[in-house]
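Working through the structure, step by step
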Amino acid sequence: MINKLESALVSFKSEIASLVKQADVLNLKAKYLGKQGEISEILKSLKDATVEEKKLIGPKANEIKDTILKLVDETLANIELNEINEKLQANRIDISLTDDMLEKKNVHGGFHPRTLIRQEVEDIFLSMGFEVLDGPHIETEFYNFEALNIPGDHPARDMQDTFWFRDESSPEGNKHLLRTHTSTIQIRGMMDRKPPFKFIAPGTVFRCERTDASHEMVFQQLEGMMVGENISVSNLIYFMKQTLKEIFKRDVEVRLRPGFFPFVEPGFELDIRCQVCAGKGCSVCKQVGWVELLPCGMVHPNVLRAGGVDPEKYNGFAFGLGLDRLVMMKYGIEDIRHLQSGDLRFNSQFKEY
Ligand code: DAH
């Protein structure tokens, strides 16, 4: 009987060695240790054995059972480990991939069109001696409105639907909000420097807008400001025309209309010929052939004063370029919502590095 048990163990060992699935291992376990399994069948004849034989066979049978159970556990654990390793191998991300390996696989990264335009405009202004500034998205009422000559009861507050934070504890006039324009950086920039100076400040702004082909709740502006002595409207027009010419690589038709913004006096709206439809009329220009691109004007004395600049001695101009509109014009994009969509079919059209 002992021989039978031992030869059962030998055949179990050879069978289990070739198994790679957990279910097969469990079936094999049942084949040997189950109620009608080989070992159990052998042990059934134990009842006919003598007491002496039983004393010998009993411990041997237990030993063989234990060996089988141990082998089953080990094999199951190995199979599980192999499965995990296979999965890891299959989902592996090779962070050591180099540019030329990606090139071979034809996988390209690229900049978002907004980034491309922003970098281009930044370069143009840097070459004209402007600094590039940054500012916080979460602003106080002071920087976003008060200091820009828009007091609490001013109707101009309605021009920009604002996302306010609920912070009851802050003193009146200093509530927090998501900045509605990059003009906030006019004040921050003035406070930090002495005239003459000129800077731009590109960034994201937020409005509680109803979205359509030309309106988004989150969009990009680029603020610009130049302060010094004897700055005039012709300086403003020169810089604007120069910038647009560099961006579009050709002369772009522009028109100047009077525009009202509390932080400039006089204020203007600079429109450009719609570059998507060449002025024929489309959804971007709302069928009028012109696109409002660049509100601007001469900085209001109250704003200079709020920024710590003496309006008796200095003056300046400011502008707020709609960066998303510019992206749309430059690439012929007919709906602003594409920019924010995160849709790779859209994004991957812009491959430049
Ligand atoms: N901050 C204005 C807006 O978002 C745009 C603007 C208008 C900026 C006139 C300026 C300016 O600097 O001079 O609607």
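Residues numbered from 1 in each chain as written. Predicted model: local features only at pLDDT ≥ 70, side-chain atom pairs only at ≥ 80, totals over all residues. Heavy atoms only, no water.

1. Things to note about the overall build of the chain
From N to C terminus, the chain includes 13 helices and nine strands. For 353 residues, the compact-globule estimate of 2.2 N^0.38 gives 20 Å, and the C-alpha radius of gyration of the chain, at 38 Å, exceeds that figure by more than 25%. Reported as C-alpha extents along the three principal axes, the dimensions of the chain are approximately 120 × 50 × 35 Å. Looking at the chain residue by residue over its 353 residues, the buried ones come to 43%. (Helix = DSSP H or I, 4+ residues; strand = E, 2+ residues; numbered from the N terminus. Rg over C-alpha atoms; globule rule 2.2 N^0.38 Å. Buried < 20%, exposed > 50% of the residue type's maximum accessible area, 1.4 Å probe, protein only.)

2. Some points on the site of the ligand
Near the ligand, the surroundings consist of 16 residues, among which His181, Ser183, Arg207, Gln221 and Glu223 are the closest. Gln186 places a side-chain nitrogen or oxygen 3.1 Å from an oxygen atom of the ligand. Within the backbone of Ala318, a nitrogen or oxygen atom sits 3.1 Å from an oxygen atom of the ligand. Across the complex, the protein chains shield 94% of the 350 Å² of accessible surface that the ligand would expose by itself. In this structure, the ligand is accommodated by the largest pocket. Put simply, the parts of the chain that give the shell around the ligand at least two residues each are β5 (218-228), β8 (290-299) and β9 (315-322). Its residues placed into classes, the shell around the ligand shows seven nonpolar, seven polar and two charged. (Near = heavy atom within 4 Å. Polar contact = N/O pair within 3.5 Å; in protein donor to acceptor, adjacent residues only side chain to side chain. Areas by Shrake-Rupley, 256 points an atom, 1.4 Å probe, with all protein chains shown as cover. 1 Å grid on protein atoms, 1.4 Å probe; cavity = no way out; pocket = protein on both sides within 12 Å on 5 of 7 lines; lining within 4 Å. Sits in = over half its atoms within 2 Å of the grid points. Nonpolar A, V, L, I, M, F, W, Y, C, P; charged D, E, K, R; others polar.)

3. A closer look at the layout of surface pockets
Computed from the structure, the largest pocket encloses a volume of approximately 970 Å³. Arg207, Gln221, Glu292, Pro295 and Arg325 are the residues nearest the centre of the largest pocket, which is lined by 43 residues in total. The set of elements that each furnish at least two residues to the lining of the largest pocket consists of β5, β6 (254-258), β7 (264-273), β8, β9 and α11 (323-331). A total of six residues in the lining of the largest pocket trace back to one element, the largest contributor, which is β8. Its residues assigned to classes, the lining of the largest pocket comprises 21 nonpolar, nine polar and 13 charged. (Points joined across faces, edges and corners; volume = space filled by probe spheres on them.)

4. Focus on unusual backbone geometry
Negative phi values dominate among residues other than glycine, just as trans dominates among peptide bonds. Residue Pro196 is bonded to the preceding Pro195 through a cis peptide linkage, with omega at 0 degrees. Among the secondary structure elements, Pro196 is positioned in the loop between α8 (184-192) and β4 (197-206). Looking along the chain, the bond that leaves Glu265 and enters Pro266 is cis, with omega of 0 degrees. With respect to the helices, strands and loops of the structure, Pro266 is situated in strand β7. Of note in this structure, Lys286 is not a glycine but carries a positive phi near 50 degrees. Along the chain, Lys286 falls in the loop between β7 and β8. Residue classification places Lys286 among the exposed residues on the basis of a relative accessible area of 52%.

5. A look at the environment of Gly320
Among the secondary structure elements, Gly320 is positioned in strand β9. Gly320 sits in the buried class, given a relative accessible area of 13%. Residues Gly320 and Lys198, spaced 122 residues apart in sequence, show a C-alpha to C-alpha distance of 14 Å. For Gly320, the contacting residues outside a window of four places in its chain are Leu222, Glu223, Leu293, Leu294 and Pro295. (Contact = heavy atoms within 4.5 Å.)

6. Quick look at empty space enclosed by the protein
Remark: the empty space left among the atoms is shown by a probe the size of a water molecule rolled over them. With the rule as written, the count across this model stands at one cavity of 30 Å³ or more. Approximately 30 Å³ is the volume attributed to the largest cavity. For the lining of the largest cavity, the elements supplying multiple residues, two or more each, are α9 (233-248) and β9. No other element matches the three residues that α9 contributes to the lining of the largest cavity. Taken together, the residues of the lining of the largest cavity sort by class into six nonpolar, one polar and no charged.

7. Regarding the pattern of salt bridges
The final tally for this structure, using the stated rule, is 16 salt bridges. Here Lys249 and Glu120 are joined by a salt bridge, their closest N and O atoms 3.2 Å apart. With Lys249 in the loop between α9 and β6 and Glu120 in helix α6 (residues 113-127), the pair connects residues that are 129 residues apart, well separated along the chain. Overall, the relative accessible area of 62% leaves Lys249 in the exposed class. Assessed through its relative accessible area of 21%, Glu120 is described here as partly exposed. When salt bridges with common partners are traced through the structure, they connect Arg255, Arg257, Asp271 and Glu292 into a single cluster. (Salt bridge = Lys/Arg side-chain N within 4 Å of Asp/Glu carboxyl O.)

8. Focus on the nonpolar core
Val121, Phe319, Leu321 and Leu326 are the most contacted members of the largest nonpolar core, which totals 44 residues. Of all elements in the fold, only α6, β5, α9, β7, β8, β9 and α11 reach the threshold of two or more residues within this core. When residues of this core are assigned to their parent elements, the largest contribution, six residues, is made by α9. Dropping the residues within four chain positions of it, Val121 is found in contact with Leu222, Ile247, Leu321, Leu323 and Leu326. Counting residues in each nonpolar core, the second largest holds 25 residues, with Phe197, Val299, Tyr314 and Ala318 among its members. (Core = buried A, V, L, I, M, F, W, Y, C linked by side-chain atoms within 4.5 Å.)

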